[in-house]
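# Geometric and topological summary
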Amino acid sequence: YSIEKCPKSIDLSHHLSDVGNARQVSPLKGLFKYIKTPGIISMAGGVPDPAYFPFETLYADTLIKDSFRPGPAESQSPLSWFWNLFRGSEKVQTDRITIPKYTANPEDPNLAVALQYGTATGLVPLQKFIQEFVTKVYQPAYSDFTTIVHVGNTDGWSRAVMTLCNPGDGILTEEWTYPSACAGARPLGMHVVSVKIDDEGMSSEDLEQILSTWDEEARGMKRPHVMYTVPCGQNPTGSNMGSKRKTEIYNLCVKYDIIIVEDDPYYFMQEGEYTPKHLRLASGKAKAMSAQNTENEFLKGLVPSYLRMDYQGRVIRLDTFSKTIAPGSRLGWFTCNPLFAERFERQGETTTQAPSGFSQVLVTQLLTQQWGYSGYIRWLKGLQYQYTLRRDTILDYFAEEFNVSQEPGSELWNGHVVHVCYAKSTRAPFMKEKSALKPLISYVPPRAGMFIWLKVHLDSITKYTSLDEDDETTEKKIWVALAERGLLISPGWIFAANTEEEALSNEGHFRISFSNVEAEVMKKAVGILSSVLHEFSA
Ligand code: PMP
Ligand code: PLP
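Please read all numbers here as calculations on a predicted model, not as lab measurements.

Analysis parameters
- Residues numbered from 1 in each chain as written.
- Chains lettered and ligands numbered in written order.
- Predicted model: local features only at pLDDT ≥ 70, side-chain atom pairs only at ≥ 80, totals over all residues.
- Near = placed C-beta within 6 Å.
- Nonpolar A, V, L, I, M, F, W, Y, C, P; charged D, E, K, R; others polar.
- Pairing = 2+ DSSP bridges.
- Helix = DSSP H or I, 4+ residues; strand = E, 2+ residues; numbered from the N terminus.
- Axes fitted to C-alpha atoms, helices over the stretch in contact; angles between N-to-C directions.
- Buried ≥ 20, exposed ≤ 12 C-beta atoms within 10 Å, placed from the backbone.
- Core = buried A, V, L, I, M, F, W, Y, C linked by C-beta atoms within 7 Å.
- Contact = placed C-beta atoms within 7 Å.
- Parallel < 35°, antiparallel > 145°, perpendicular 65-115°, else oblique.
- Left-handed = near helix turned anticlockwise from the far one by under 90°.
- Expected span 1.5 Å × (residues − 1).
- Arc of directions from axis to C-beta.
- Right-handed = clockwise from strand over helix to strand, strands pointing away.
- pLDDT = per-residue confidence, 0-100.

### Some details on the site of ligand 2
Every residue close to ligand 2 is listed here: Gly152, Asn153, Thr154, Tyr178, Val230, Asn235, Asp263, Pro265, Thr320, Ser322, Pro327 and Gly332. Here the residues of the shell around ligand 2 are counted per class, giving four nonpolar, seven polar and one charged.

### Re the sheet that holds strand β8 (residues 226-229)
With mixed pairing, seven strands are arranged side by side in an open sheet as β3-β11-β10-β9-β8-β4-β5. The sheet terminates laterally at β3 (146-150) and β5 (191-195), the two strands that pair on one side only. Neighbour to neighbour, the strand axes of the sheet diverge by 25 degrees on average, direction disregarded.

### Regarding the sheet that holds strand β14 (residues 441-443)
Two orientations exist for strands paired in a sheet by backbone hydrogen bonds: parallel and antiparallel. Strand order in the open sheet made by the six strands is β12-β13-β14-β15-β17-β16, with antiparallel pairing throughout. Strands with a single pairing partner mark the edges of an open sheet, and in this sheet they are β12 (403-408) and β16 (490-491). As judged from the six bridges shared by β12 and strand β13 (residues 417-422), these two strands associate in the antiparallel manner. Looking at the pairing, Pro408 lines up with Val417 of β13.

### Regarding unusual backbone geometry
The omega torsion across Asn235 and Pro236 is 15 degrees, close enough to zero to call that bond cis. Of note, the phi angle at Gln139 is positive, near 50 degrees, even though the residue is not glycine. Within the secondary structure, Gln139 sits in the loop between α4 (124-137) and β3. The exposure class of Gln139 is partly exposed, given the 17 C-beta atoms found within 10 Å.

### Focus: the nonpolar core
Counting residues in hydrophobic clusters, the biggest one holds 113 residues, and the most contacted among them are Ile171, Val261 and Ile316. Counting residues per element, this core draws most heavily on helix α14 (residues 357-401), at 15 residues. Contacts of Val261, omitting those with residues within four sequence positions, involve Trp157, Ala160, Val226, Met227, Tyr228, Ile316 and Leu318.

### Topic: the packing of helix α16 (residues 474-484) against helix α18 (residues 519-536)
Packed helix pairs are characterised by how far apart their axes lie and by the angle those axes make with each other. For the pair α16 and α18, interaxial distance at closest approach is 10 Å and the crossing angle is 130 degrees. The orientation of α16 relative to α18 falls into the category oblique. You can see that α16 and α18 cross each other, and the crossing is right-handed. Packed against α16, whose contacting residues are Ile478, Ala481 and Leu482, the element α18 presents Ile528, Leu529, Val532 and Phe536 at the interface. Residues belonging to the contact of α16 with α18 are distributed by class as follows: seven nonpolar, no polar and no charged.

### Observations regarding helix α13 (residues 338-349)
In this model α13 runs 16 Å from its N-terminal to its C-terminal C-alpha over 12 residues, within 8% of the 16 Å that 1.5 Å per residue would give. Those residues of α13 that sit buried are Phe340, Ala341, Arg343, Phe344, Gln347 and Gly348. All buried residues of α13 lie within an arc of 160 degrees about the axis, which places them on one face of the element.

### Structural notes on the packing of α14 against α18
Where α14 meets α18, the closest approach of the two axes is 9 Å, and the angle between their N-to-C directions is 40 degrees. Compared by their axis directions, α14 and α18 come out oblique. Pair α14 / α18 crosses with right-handed handedness. On α18, the residues touching Thr393, Ile394, Tyr397, Phe398 and Glu401 of α14 are Ala519, Met522, Lys523, Val526, Gly527 and Ser530.

### Some words on the pairing of β8
Residues Val226 and Tyr228 of β8 are buried on one face, and the alternating residues Met227 and Thr229, pointing to the opposite face, are buried as well. Two strands pair when backbone bridges link them, and β8 and strand β9 (residues 259-263) are joined in this way by four bridges, in the parallel orientation. Within β9, the residue paired with Val226 across the bridge is Ile259. Taken together, β8, helix α9 (residues 243-255) and β9 form a β-α-β motif whose crossover is right-handed.

### A look at the confidence of the model for the chain
Summary statistics for the chain give a mean pLDDT of 89 and a share of 89% for residues scoring 70 or more. At the level of chain-chain contacts, confidence expressed as ipTM amounts to 0.76, with global pTM at 0.92.

### A look at the pairing of strand β11 (residues 332-336)
Most of β11 sits inside the fold, with five of its five residues counted as buried. Where β3 and β11 come together, five bridges link them in antiparallel fashion. Within the sheet, the bridge partner assigned to His150 lies in β11 and is Gly332.

Shown next, in the form of structure tokens:
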């Protein structure tokens, strides 16, 4: 990869919304031109004297970069799959961070700068780190890509909508999607246009179909010029898009002149194929060896970002520290063409100004002084294995609670292998008699992220019939029954991009997160799910 060999971004200014276009350069900008002049007496800003900041020094104890192992230990016994804590018995080891108010080198993280008014582009060392990270990890296919901080991907998406869309515009997205993305755009007058998905996420065929047959009059809006997509560990379906599909979709977006907003919080949680427990234990040693792989091998093992295909600058990638450091850090960044970046900067100046100085300085110190680029990559590798262990563990419990059979295809997953769960009582040789059996639930084992998307086969639910008086859907009834038994998961309807279509359908889906409970709790949860479903289909 050589950035110098990449072309420059093309002019995409016709995508800016009226609001996006109208933002003025801040009148204060002229002042900032002189602020760095050595010896200048600056009395221009309404800036408090740092002497009055009550914080003299910030201390933090932070985990070391290799706190979590990057893969199975070579000596791992089969029993260690049942660790209480996923991280095993390793002790928490920390390093002390100290951030003083003043530093000899004003470029080093310090509170006098971090807690002062700053620019919407963020702290300088953080900007540098992010730029290096994007260059090395994502390797954008155009040379003048620009990075700029935001306050998490929720903020990033909200700024993108306002900068690109006028009321009445359509936004293309997966048929099941992150609810806040739609909830943020709809009140501004945008319409969500849903595109079908399969186990790789958004379908390029359906996208082409929608775009090539777009009828402005029938649809009541112009052909959409913005797409919102979650390509890795898609929320809620857990699908992971490979590079072939990404290239197909990117090429369609070139053909139909569409800006892709890639919201990608789960990029480093690419867990790979699920291997059932007995096979996994047998291959444990090989896995342990491959866990020793280098930084570069780890990065190569990840599906490339849309940035890698983007030779025009039509991708706005949203990165967040929410899933890799902590959601409360409220910190992330855009990678996009310089024109859009300048508009986001103007927008930042009049909304958040900049992410919180406390947050920026702590994350900057951790990334640049404690861990460094390689250390952060090592940290991400550890996280990837943690989520892989959790994914494996919960799917193992499904195999204990149900008769799971791997079957090709279904109307939901367009011909991909699904894990279909039959009632536990269907004894061997159930494989042979399967055609006579009704499955309870099915899912495609997720290859990234923190979610399992369950399809409930409602024709096997006998407890309720359409003759029931109340007009609650069966999905809702099952969801309530689960909650009353002590298991809260997300009902499918909240993720529907097309709310009208969803209201008419009587499909059942649930999203289960495997990200934050211990193994025994997971076991209990799958137990509750199983007993409720077994009861409802008895
Ligand atoms: N409003 C007024 C009238 C101000 O003078 C200032 C700071 N100079 C601000 C808003 C900005 O406030 P904040 O730092 O809380 O965004
Ligand atoms: N986008 C997606 C697809 C998510 O799943 C989430 C978190 O649940 C977010 C954005 C929120 O990100 P942030 O905390 O960076 O605002």
